[in-house]
Amino acid sequence: MVRFKNRYLLLQLEASSDPQVYSECTKGLNARSMNDLFKRSVQSCFGEVGIGKVMGSLQTKFFSAHTGLLIVRTSRDQTEMVSAAIAAITIVNKHKARFTRLHLAGTIRSCQRAAIKHSRALLAGTTESEAKCMREEKYLSQLEH
């Protein structure tokens, strides 16, 4: 018997820099409503065949309205289709919003680690890419001496 292989997407909901608008956008959202939103997007982008392919595997495992982070599970074969459908979402709760894919992992544990790393970088006041650039510059400066 063949094992069912999954992929986990770490996404961030980006609605507005205004906290009032962001709270209105995420009001009433939970993992189930996000899952329904993703399924509607897959159906509008890829039709009945697309929703039939991802119906069994698409699941929102974690959603935090406070941070905007969410983890979505999908089958390995349908990862690109789900990513494209999520990228096509532009409105959430009647507000402009978009989803940014932060990490793609084969296990949920790896995805959780990436979420923690991202949250720590945000708390430190730097983005993950800025932190990576600073580490590279520090490494290169050590090589020069």
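Up top is the structure these notes are about.
Read on for a plain summary of the structure. Here the structure is a predicted model, which is why all the values come from computation and not from measurement.

1. So, the overall build of the protein chain
Along its length, the protein chain carries five helices and six strands. Buried positions account for 37% of the 145 residues belonging to the protein chain. Sequence-distant contacts, at least 24 apart, represent 72% of the contacts inside the protein chain between residues at least 6 apart. Total accessible area on the protein chain stands at roughly 9,500 Å², and carbon and sulfur atoms take up 53% of it.

2. Focus: the pairing of strand β1 (residues 6–14)
Burial within β1 is extensive, with seven of its nine residues counted as buried. Alignment of β1 against strand β3 (residues 69–75), held across seven bridges, turns out to be antiparallel. Its bridge partner being in β3, L10 is matched across the sheet by I71. The sheet contact formed by β1 and strand β6 (residues 98–105) spans seven bridges and is antiparallel. When the bridges of β6 are listed, L9 appears paired with L104.

3. Remarks on the pattern of salt bridges
Throughout the structure, instances matching the rule amount to one salt bridge. Its salt-bridge partner being R98, residue E14 comes within 2.8 Å of it at the nearest N-O pair. A residue pair is termed long-range when its members are at least 10 positions apart, and E14 in strand β1 and R98 in strand β6 qualify at 84 residues.

4. Concerning the packing of helix α2 (residues 31–54) against helix α3 (residues 79–87)
With their axes 8 Å apart at the nearest point, α2 and α3 run at an angle of 155° to one another. Considering their axes alone, α2 and α3 lie roughly antiparallel with respect to each other. Crossing of α2 over α3 shows right-handed handedness. Contacts between α2 and α3 involve F38, S41, V42, C45, F46, G50, K53 and V54 from the former and M81, V82, A84, A85 and I86 from the latter. Looking at the contact of α2 with α3 residue by residue, the class counts come to ten nonpolar, two polar and one charged.

5. Points about the sheet that holds strand β2 (residues 59–63)
A sheet is described by the order of its strands in space; here four strands give the open sequence β2-β3-β1-β6, paired in antiparallel fashion. Here the strands that pair on one side only, and so sit at the sheet edges, are β2 and β6. Averaged over all neighbouring strand pairs, the angle between strand axes comes to 30°, with direction disregarded. Against the sheet, helix α4 (residues 108–124) makes contact with β1, β2, β3 and β6, and its axis sits at roughly 25° relative to β1, the strand it touches most.

6. Overview of the packing of aromatic side chains
All told, the structure shown has one aromatic pair when counted by the stated rule. Here F38 and F99 contribute two aromatic rings whose centre-to-centre distance is 5.4 Å and whose plane-to-plane angle is 75°, an arrangement assigned as edge-to-face. Here F99 lies in strand β6 and F38 lies in helix α2, a separation of 61 residues in the sequence. The buried category is assigned to F38, whose relative accessible area is 1%.

7. A look at the nonpolar core
Among the nonpolar cores identified, the biggest contains 23 residues, and M34, F38, L70, V92 and F99 are the most heavily contacted of them. Those elements that provide at least two residues to this core are β1, α2, β3 and α3. Leave out the neighbours within four places in its chain, and V92 touches L13, C25, L29, L37, A97 and F99. The next biggest cluster of nonpolar side chains, apart from the first, holds eight residues, and it includes L10, I71, A105 and A115.

Basis of the calculations
Residues numbered from 1 in each chain as written. Predicted model: local features only at pLDDT ≥ 70, side-chain atom pairs only at ≥ 80, totals over all residues. Heavy atoms only, no water. Helix = DSSP H or I, 4+ residues; strand = E, 2+ residues; numbered from the N terminus. Buried < 20%, exposed > 50% of the residue type's maximum accessible area, 1.4 Å probe, protein only. Contact = heavy atoms within 4.5 Å. Areas by Shrake-Rupley, 256 points an atom, 1.4 Å probe, with all protein chains shown as cover. Pairing = 2+ DSSP bridges. Salt bridge = Lys/Arg side-chain N within 4 Å of Asp/Glu carboxyl O. Axes fitted to C-alpha atoms, helices over the stretch in contact; angles between N-to-C directions. Parallel < 35°, antiparallel > 145°, perpendicular 65-115°, else oblique. Left-handed = near helix turned anticlockwise from the far one by under 90°. Nonpolar A, V, L, I, M, F, W, Y, C, P; charged D, E, K, R; others polar. Phe/Tyr/Trp six-rings, centres within 6.5 Å; stacked < 30°, edge-to-face > 60°. Core = buried A, V, L, I, M, F, W, Y, C linked by side-chain atoms within 4.5 Å.

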